[in-house]
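# Residue-level structure breakdown
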Amino acid sequence: MRSFALVLGLAMACTQQAAGLTPPADAAPYTACADITVRKEIRSLSSAEWKAYESAVQQSQKDKWVDWFGYIHNRLAVYAHGNSNFFTFHRKYTRDYENVLKKYDSSVVLPYWNAMVDFQSPSSSVVLGSEYLGGNGNSDTNCVTDGLASNWNLIYPENHCLKRQYSGSGSIPAWHSPEFITSVLQVSKTYADLRAGIENSIHGAVHLGLGGDMDTMYSPMDPVFWLHHANCDRLWAQWQAISPNDRTYMYDGTDSSGKTVSLDDTILASDVPVVSVMRLGYGDMCYTYDTIQAAKGNATALVKRQKCNKSPDQATQAVRNLPPEVLSTYYPSFASNKAINPLENEMPSIVPGQPMAADVKAAATFVPPKPNEKLRGKMPVPSTLTNKWITMMSGNVTEVREIEERACAMVDALNKAGYLSPYMVN
Ligand SMILES: [Cu+2]
């Protein structure tokens, strides 16, 4: 195994010492990054970007970094899940892995996977296709035999092949829609609200739906983990950016021991304070996301996608036309008549079935599918978390079930209103 000291050294070299506590948003103690890279949705990567990413990931596996990150995650299971450490730990941790990839190729930027747009039929996503991250494991052994992680042999916690075992006998049951996550972004008033809303919904559903290694505490060994966690991190960053003055340093709730969290808590495995990861674009957090950049008006990556797809405004309009009582319960920002803040709107222009831009030929001829009229009022309720998973995640069953009830009630309300999700095309 690669030396642990090297990893810690890398993590520490990339950060600075804490200079103060509870800084207001306009007085960050970390210096602004000279270069800020933009994490893009995986389907937006060019062929060259995809190849560079794939190659760096392969090398990180050969050099056993993948095993190392699996080991760290397993060791910190209780600390990092089911409490306020969830977002802060995983932000630092995914950044550390991205920094490892940059050692192989400094041009590499971690992509994210917006799994919500694939909610109706996750296993049909091109992201889980054999040219990209690969699909379900083999029916006998559950070993993944296609895609980026095809036939990966891992040594932690013992010698094994990378496994996936879709939870719906050969496919993945529906998970959380862009409509639900849009609602979570709009109704969450505190950091703790948002953490509970994301960790217990799409976060858990993707882990459980893919199964195999993703359904263990060494789940980072599956490359899907990083794209999925970048997506969760994006949702936090986007929520912060909605109201940066209040939310950049908003950190509340409790940690795994029940203690109220603080910005000067140390993030385990990296020894940096929480305050150092709160603000993207500062310290070692030299990245942002395409959706945040687009909201600020610098939208090159998104504009490209919108050219061939329907305007995201059309998708949003369908939600805005919901009855006022549904809007005020689930979409308070849409209910108030003010102009829509794109950061509060998780209805992207990516559509199910959309090919990777890296697949130049398929992308050029792609015709976005129309929503299936027969499914009007028939949005599926997202899958729920198992007790086994909640226990493994040190989750709070009451908190999880409350989020699940909200998800179910929202789907009911949308269906009663005769809503047809633009992402339901099958
Ligand atoms: Cu985790």
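None of the values given here were measured: they were computed from a predicted structure. (Residues numbered from 1 in each chain as written. Predicted model: local features only at pLDDT ≥ 70, side-chain atom pairs only at ≥ 80, totals over all residues. Heavy atoms only, no water.)

## Topic: the state of the cysteines
According to the stated counting rule, one finds two disulfides in the structure shown. Two residues share a disulfide in this structure: C143 and C161, whose sulfurs sit 2.0 Å from each other. One quick way to see it: the torsion about the S-S bond of C143 and C161 is about -75 degrees, and its sign makes the bridge left-handed. A residue pair is termed long-range when its members are at least 10 positions apart, and C143 in the loop between helix 5 (85-104) and strand 2 (153-154) and C161 in strand 3 (residues 160-161) qualify at 18 residues. Both residues of the pair, C143 and C161, count as buried. Cysteine pairing in the chain follows 1-4, 2-3, where each cysteine in a disulfide is numbered by its order in the sequence. (Disulfide = S-S within 2.5 Å. Helix = DSSP H or I, 4+ residues; strand = E, 2+ residues; numbered from the N terminus. Buried < 20%, exposed > 50% of the residue type's maximum accessible area, 1.4 Å probe, protein only.)

## With respect to the packing of helix 5 against helix 8 (residues 224-242)
In contact at an axis separation of 10 Å, helix 5 and helix 8 are set at 125 degrees when each is read in the N-to-C sense. The orientation of helix 5 relative to helix 8 falls into the category oblique. The element helix 5 and its partner helix 8 pack so that their crossing is left-handed. Along the contact surface, helix 5 presents F86, F87, T88, H90, R91, Y93, T94 and Y97, while helix 8 presents F225, W226, H229, C232, D233, W236, A237 and Q240. Looking at the contact of helix 5 with helix 8, its residues break down into nine nonpolar, five polar and two charged. (Axes fitted to C-alpha atoms, helices over the stretch in contact; angles between N-to-C directions. Parallel < 35°, antiparallel > 145°, perpendicular 65-115°, else oblique. Left-handed = near helix turned anticlockwise from the far one by under 90°. Contact = heavy atoms within 4.5 Å. Nonpolar A, V, L, I, M, F, W, Y, C, P; charged D, E, K, R; others polar.)

## Observations regarding the packing of helix 7 (residues 191-210) against helix 8
Following both chains from N to C, one finds helix 7 and helix 8 inclined at 160 degrees, their axes separated by 11 Å at the closest point. Taken as axis vectors, helix 7 and helix 8 run roughly antiparallel relative to one another. Remark: the crossing between helix 7 and helix 8 carries right-handed chirality. Where helix 7 approaches helix 8, its residues Y191, L194, I198, I202, H203, V206, H207 and L210 are matched on the opposing element by V224, F225, H228, H229, C232, L235, W236 and W239. Residues belonging to the contact of helix 7 with helix 8 are distributed by class as follows: 12 nonpolar, four polar and no charged.

## Quick look at the nonpolar core
Formed by 113 residues in total, the largest nonpolar core has its most connected members in W50, W113, W175, I198, L210 and Y331. Per-element tally for this core: the top contributor is helix 8, with 11 residues. For W175, the contacting residues outside a window of four places in its chain are W113, A115, M116, D118, F119, P122, I202, A205, V206, L210, P382 and S383. In this structure, A77, L208, W389 and I390 belong to the second largest nonpolar core, which totals eight residues. (Core = buried A, V, L, I, M, F, W, Y, C linked by side-chain atoms within 4.5 Å.)

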